[in-house]
Structure formats: C-alpha cells, structure tokens
Amino acid sequence: MKANPRDVLTGVHYIDGDVAAGYGVLAAGCKFVAGYPITPSTEAAETFARVAPKGNAMFIQMEDELASISAVIGASFAGVKSMTITSGPGYTLMMEAIGFGAMLETPFVLLNIQRGGPSTGVPTKTGQADMMQSRWGSHGDYEIIAISPDSPQELFDYTIKAFNLAEMYRCPVMIMSDECVGHMTEKVVIPPAEEIELEPRRLYNGPPGEYLPFKPDGDFIPKMVKAGAGYNLYISGHVHDERGYPVTNEEFKSVYLRRLVDKIRRNKDKIIELKEENTDDAEVIVVSYGISSRVAVRGIEKAREKGIKIGNLRLVTVWPFPDEKIIDLAKTTKAFVVPEINYGQIAFEVERCCHGRANVVLVPHSGAGVHNPDDIYDAIVFAAKEKKKIEGIVEYKTKLEKLVFEGGFKLKE
Amino acid sequence: MSPIINAFAQGIKKSGVKPAEVCVPSDIPFEPNVVKQLGVDYFHTIRGRAIVFGTGLKLANPALKVVPVVGDLMTLGGNHFVHASRRNMELLVICVNSFIYKKIGGKSVPSTSPVFSLYSTFEEPFNIPHLGNSCGAIYTARWTALHTDELVNSIAEALNKRGLSVIEILAPGPDYYTGINNIDSNLVKFYHKNSEIKNNEDPRNVGIMPDENIVVGKFTDKERPTFIDVYNAQLSKVIGDKFTPYGPVPTSRTGAGLGTGKNESGGKDG
C-alpha cells in the first residue's frame, strides 16, 4: 500500500529530528497520537499535533504517560495506527502498559527521544541509557523491536518503517532516538507519497462466528479485527487461548508465550537491519548505534589513516539483537569497540555473543554530551595493540574521566 | 455481579444501541464470564486504565459506544476519571462499588465506606457522583444492584448522552467477606434496605457516610460540549475552511473507522 499524498509533506526540508519524526508519523498513516509533553521529545508531538488535522488524524494531550500509552493501545484495537512520544521518566511510567501491549499483540509505535538519566537526570541533554529498559522494562517474557536512527532523515524514514514493522509483527516497536538526533537540524528529503510503502493492518475478513483473535496465521502472527465490528471480542492481559479467554495451565502458557517470543525471534533475519562497512578483514570493529555511530565515524577515519584495519557495524535495529552477526564477526576479528552514552548496555550484549573469542572494549559516556571522537580512536588503538585475550569487558577510560579520577581536573563553574 | 450484567444487557437493549458497537474496557475487579455472551467487545485492561483505554477506542472510532466498567475507579484510575470528566469524553463509566476488592481479598478501596471495613480503611470514601459532577461529568447516578428497573433506565439514558456519564452501582462482594466487613451476610439486601431514593439531589449531599442512609438516584443530567465538539470548534477557528471536522462514520465489518464521511479511504487504510 502506498502512502496517502494528503499525509506526505513531499519536498526538501531543513528541520530537526523531532520535527522530521512528526512528519514521518503522519506519512506513515498514523491516525492517533496520545502523549504528555516531556523534554526533549515535545517538538515531535507538537509537530504531529500541528499537521494531524491535515491527515484527519487525532492528537490528544493526555493527563500523563500512563494514560497516553493505554489510549494508544485502545486506539490500535479500534483499528487505527497509533503511537506515543516520550522520554526518560515518561518511558518508565509506560512500562506496565508496554508489557500489556506486547501481551495483547498490539501494533503501536513508541518514540523515545532519550535524555540523560537516571531519574530526572539532564532533561535537555542527550543519553542512550534506556536501551536495556526498552528490551526488559516490563515484567515477564516478551519481545519488542527497537530501532535507533542517527539523523533527522532517518527519524523520518525509520518512523515509517517502525509502523510497518508494528503491523507486520503485531508488536510494540520502539524508536530509540536521543536528544542529540532529535534536536539536530539537517536536510531532510521527504519523497513523493507513491515512493513510500506502507504496511496496512492485516485484517481478518471471514465470518464473525469463526474468528479467533489469537489464532496464528501460518507465520505466528494472528490477524486482527476492528473493535465494534461485531466480532464479540474478548481481549485480556491474562495468558489466553486462541479465543482470548484467560487460561492458567502450564501447557497453554507455554504454547502462548513460545509463540509470543518466537514470532520475533524466528523472524529476526527479516527484521534486523544493519549497516556494515569493511568488517570482512577488520582487526577491530566498532559497534555503535544512534548518535554514537555518527561520532564514531571520525574516530574510525582517524584509525584508518593510521593504517589500522577497522570495520564499522552500525546497529539500526538494536532489538532483536543481531547475535548471529556478532558471533560470526567474532571468529575473524580481534576486538570490538563499543561506544555508547551509558555505562555499558549494548556492549554487554556484544560481549555475550563474543563469548571470549574477541576482546570487547566499552567506551562509556555519562550522557549530557557525546563522545570525544579521540576517545573512540584511542580505544581502537588500544584494542588493535592488545595481544592477549581479556576476559569480560574492558571499560575504557575517556580523557575526561582520566582527568577527573587521576587528578588535574577542575570543574568549571 | 449477575444482576448488574443483566441490567447492563437490558439497558443496551432499551437504549437502541447495537451491542456490536459497544466496547467494554474494564480493569482488575471486573471480569465476569457472562460478558462473553453479551455480544459486546470486551477488553480486560491493566489496573486502573479502563477509562483511558476507552478514550483511545472512542477517539480512534467515534462511532463506538464505549462503556468502561471499573471497580477500583478511585485508586489507580482516579486521575483518569477526573480528566475524562473534565474533557467530557463520550464514555459511560460504570463504577461497580463492591466495597471490597472482589479478587484480591478483603482489602478496601478508597470508595469503601468506613463502616464496612473495620480494620483496614480509616478515611472517608470518595463521593463519586459529586466528584464526577464537579469535574464536568454530564450525568451522574447511583443505584444498588437491587434497583433493577432504575438501573436499566439509567444505563439506557446514559448510553445516549453525549459526554461523560457515571453510574455508581453498589453491589455485594462475595459473602465470604461479609464477616470481615462485619455486616449482614445478605449484602445486597442490606444496601437496598438502607438506601433512600432522592432523584435530583445535589451531589454534594450524597456521600456514603457511617450510620446514615445510602442516597441513591439520578442526581444530575445536563449538556456540555464533548471533547470532539471542542476539538472541532477550536481547530475550525484556527485552520478555517480547510479544516475537515473529526467525527464518526458508520461502523461496518470491514470499514469501522475513523474520521469523517469525507475520508475517501473510509478508514480502511487504518
């Protein structure tokens, strides 16, 4: 299905990432956004609110994030593409409902413009520390998809892709961007509507009496109907059978939960998108995502100038994690360098997949800023020189941290 | 619970609303099996979020009749009730006040009258009709589960109101808890015997107080622009002639959907 020309602001724009995301939401055919303002994601919601009437879509500012996410799930069951937009503290509030959404196999999108945490943190500055929360934040076993764009253009493009994935796999899709990308102003090219491919809701069209809302359709993914269309739906957050009726026995739970996780795990190859450069014969590979992948480019170039065989693996899809890719690369490379704006989240996933076959060097950052590319370069040099296998993860100290902890540093007022 | 479901079914019938267009989001204490037979769409949501889940359903497809049935309305979902009333969201909120959490065992919720739970609730309960009315709800009523005819009438009336209606139903919890609550084992008769019908009573005077009769009745019934009315009015001022008002299209099996009749895709593109 093509995008509706009415919803697509075709042309060349000079806008920030939040605005690009707002335009992407409309272009994706989203008809319902509920949100509560929170820095640094507010502009994305504001943008959508401004353009929504053009697309006959609804934006509502709810009383809080608990309300926003629940309304989004309700709207999705009414048959429209829906999403919410938030950041750190709001994201935490949404966790219970995210598990509920995953349990009900609800297609919806969540845009998280990450900010510095924990708690109130640094609301106006960047962070990448919600990555594990996006995967494990709600209780119980479930799978979601998370994408990490690195530019305003990608915030537009991948917002549309997020909606498509949500419809294809009937699951919540997180766009895990960050303040830096959200507030970065760049050229964004919005193509004509006929070049934007959208995934429509996969609707059941048979007679009501035979419809089973949770009966998988060959590929693990059940078809949906719209609420109020006479299907006598029974939708429950309990573990349920194909009719949606609650069941408590072990066999049912195992059948249901197995499918809930397998619909993502078995389709990993189709879901995961990576950007790979010179990884085949690299001695060191930089694994990064979001804004850190753009900062890493300078460090990588510098290392290449010095003659280090350096590869670049950018995780566009962070969840599900590309285990097989890392396992493969670990066989041929000496070390991975993982810069991220947190004290180690995705680096530990890389280390898990390496399983001692290659060293893993984490270049951490506290947030409220991005890496100095020289730190990434230094970590690459260290990783390239290191001959012995180091067990566990190597936490590389950045220049700033060395100054702070080894003396010689004075805090600026 | 069954007299309420019975009244609900009869109320829908009397209102002329098609059961298929009725969506019932509910939360923890309310999950009767019998709801499967009503022909409505039922959603068992997470604790306290029935009203906001219903808000999403209603705004995504304004043709739906959304009836959040809640038990712990004033605890986890209290703020949502306040704001849904303020917005005059088109919902019929049915608060089944069973004076105890039915499922979790004897614990009191804030809507519990202090008289009924000697050991765990010490504060005064919310006066739900008054709270709803003062926040902007357009229709408020309270009945016990034994006021069957009145309850059916209220449900039928409220289903055709444009805005937020709230009906509080005093219903017995399982008899097991009556000992804990230290009252007569036939709770519903107890409520009925100790209640007094005062239609059009000022909601400020209908709080459930110890040692006083329970006031039941239809308290308020007024008109106010709904959320979608205000949304359309404001945006048509801001945008002008180009604005297409947001509103319901008739539901159908394939195209129950959003937007206006002018929406050429008829909501099929979801």
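Residues numbered from 1 in each chain as written. Chains lettered and ligands numbered in written order. Predicted model: local features only at pLDDT ≥ 70, side-chain atom pairs only at ≥ 80, totals over all residues.

Overview of the overall build of chain B
Step number 1: If you tally the helices and strands in chain B, you get eight helices and nine strands.
Step number 2: Relative to its full complement of 270 residues, chain B shows a buried share of 52%.
Step number 3: Pairs at least 24 apart in sequence give 62% of the contacts found in chain B among residues at least 6 apart. (Helix = DSSP H or I, 4+ residues; strand = E, 2+ residues; numbered from the N terminus. Buried ≥ 20, exposed ≤ 12 C-beta atoms within 10 Å, placed from the backbone. Contact = placed C-beta atoms within 7 Å.)

A look at the interface of chain B and chain A
Step number 1: Of the residues lining the interface, 45 residues belong to chain B; the matching set on chain A comes to 45 residues.
Step number 2: Ranked by residue count, the leading element in the side of chain B that touches chain A is helix 2 (residues 50–60) of chain B, at eight residues.
Step number 3: A per-class count over the side of chain B that touches chain A returns 19 nonpolar, 20 polar and six charged.
Step number 4: With three bridges connecting them, strand 10 (residues 234–236) of chain A and strand 2 (residues 41–44) of chain B associate as parallel partners. Of the residues in strand 2 of chain B, the one forming a bridge with S236 of chain A is H44 of chain B. (Nonpolar A, V, L, I, M, F, W, Y, C, P; charged D, E, K, R; others polar. Pairing = 2+ DSSP bridges.)

Structural notes on the pairing of strand 6 (residues 122–126) of chain A
Residue and element names in this part refer to chain A.
Step number 1: Sheet analysis places strand 5 (residues 108–116) next to strand 6, joined by two bridges and oriented antiparallel. Residue pairing for strand 6: G116 is matched across the bridge by V122.
Step number 2: Here strand 5 folds back onto strand 6 in antiparallel fashion, the turn holding five residues, of which S119 has a positive phi close to 55°.

A look at the sheet that holds strand 13 (residues 310–315) of chain A
Residue and element names in this part refer to chain A.
Step number 1: Spatially, six strands are ordered 11-13-12-15-16-17 in an open sheet, and the strand pairing comes out mixed. Across the chains shown, the open sheet's two edge strands, defined by having one partner strand only, are strand 11 (274–277) and strand 17 (393–395). This sheet shows a mean twist of 20° between the axes of neighbouring strands, independent of strand direction.
Step number 2: As paired elements, strand 12 (residues 284–288) and strand 13 share five bridges and run parallel to each other. The partner of V284 across the bridge, within strand 13, is I310.
Step number 3: Across the face of the sheet, helix 14 (residues 373–385) comes into contact with strand 12, strand 13, strand 15 (335–340) and strand 16 (359–364) while running at roughly 165° to strand 16. (Axes fitted to C-alpha atoms, helices over the stretch in contact; angles between N-to-C directions.)

So, the domain arrangement of chain A
All names here are of chain A.
Step number 1: Assigned domains of chain A: these are domain 1 (5–195) and domain 2 (274–406).
Step number 2: Placing the centre of domain 1 and that of domain 2 at their C-alpha centroids yields a distance of 28 Å.
Step number 3: Domain 1 puts 23 residues into the contact, and the matching count from domain 2 is 21 residues.
Step number 4: Those elements giving two or more residues to the side of domain 1 that touches domain 2 turn out to be strand 6, helix 6 (131–136), strand 7 (145–147), strand 8 (172–178) and helix 8 (179–182).
Step number 5: It is helix 6 that contributes the most residues to the side of domain 1 that touches domain 2, four residues altogether.
Step number 6: A breakdown of the residues in the side of domain 1 that touches domain 2 according to their chemical character gives eleven nonpolar, seven polar and five charged. (Domains from an automatic or database assignment.)

Examining helix 5 (residues 148–159) of chain B
Residue and element names in this part refer to chain B.
Step number 1: In this model helix 5 runs 16 Å from its N-terminal to its C-terminal C-alpha over twelve residues, within 8% of the 16 Å that 1.5 Å per residue would give.
Step number 2: Along helix 5, the positions that sit buried rather than exposed are L151, V152, S154, I155 and A158. Summarising the axial view, the buried residues of helix 5 lie within an arc of 165°, below the 170-degree limit, and thus occupy one face.
Step number 3: Along its buried surface, helix 5 packs onto helix 1 (2–15), strand 5 (92–97), strand 6 (139–144), strand 7 (165–170) and strand 9 (214–221). (Expected span 1.5 Å × (residues − 1). Arc of directions from axis to C-beta.)

Focus on the nonpolar core
Step number 1: In this structure, F32, I145 and V337 of chain A together with I169 of chain B are the most contacted members of the largest nonpolar core, which totals 196 residues.
Step number 2: Counting residues per element, this core draws most heavily on helix 7 (residues 152–169) of chain A, which supplies nine residues.
Step number 3: Once residues within four sequence positions are removed from consideration, I169 of chain B is found in contact with I4, I94, C95, V96, N97, W143, A145 and L151 of chain B. (Core = buried A, V, L, I, M, F, W, Y, C linked by C-beta atoms within 7 Å.)

Regarding unusual backbone geometry
Step number 1: With an omega of 5°, the peptide bond running from T39 of chain A to P40 of chain A counts as cis.
Step number 2: Relative to the helices and strands, P40 of chain A is located in the loop between strand 2 (32–35) and helix 2 (42–51).
Step number 3: With omega at -5°, the peptide bond leading from G117 of chain A into P118 of chain A counts as cis.
Step number 4: Position of P118 of chain A relative to the elements: it lies in the loop between strand 5 and strand 6.
Step number 5: A positive phi angle, near 65°, is found at A368 of chain A, a position not held by glycine.
Step number 6: Inspection of the secondary structure assignment puts A368 of chain A in the loop between strand 16 and helix 14.
Step number 7: For N88 of chain B, which is not glycine, the phi torsion reads 55° and is therefore positive.
Step number 8: With respect to the helices and strands, the residue N88 of chain B is situated in the loop between helix 3 (78–87) and strand 5.
Step number 9: The exposure class of N88 of chain B is buried, given the 22 C-beta atoms found within 10 Å.

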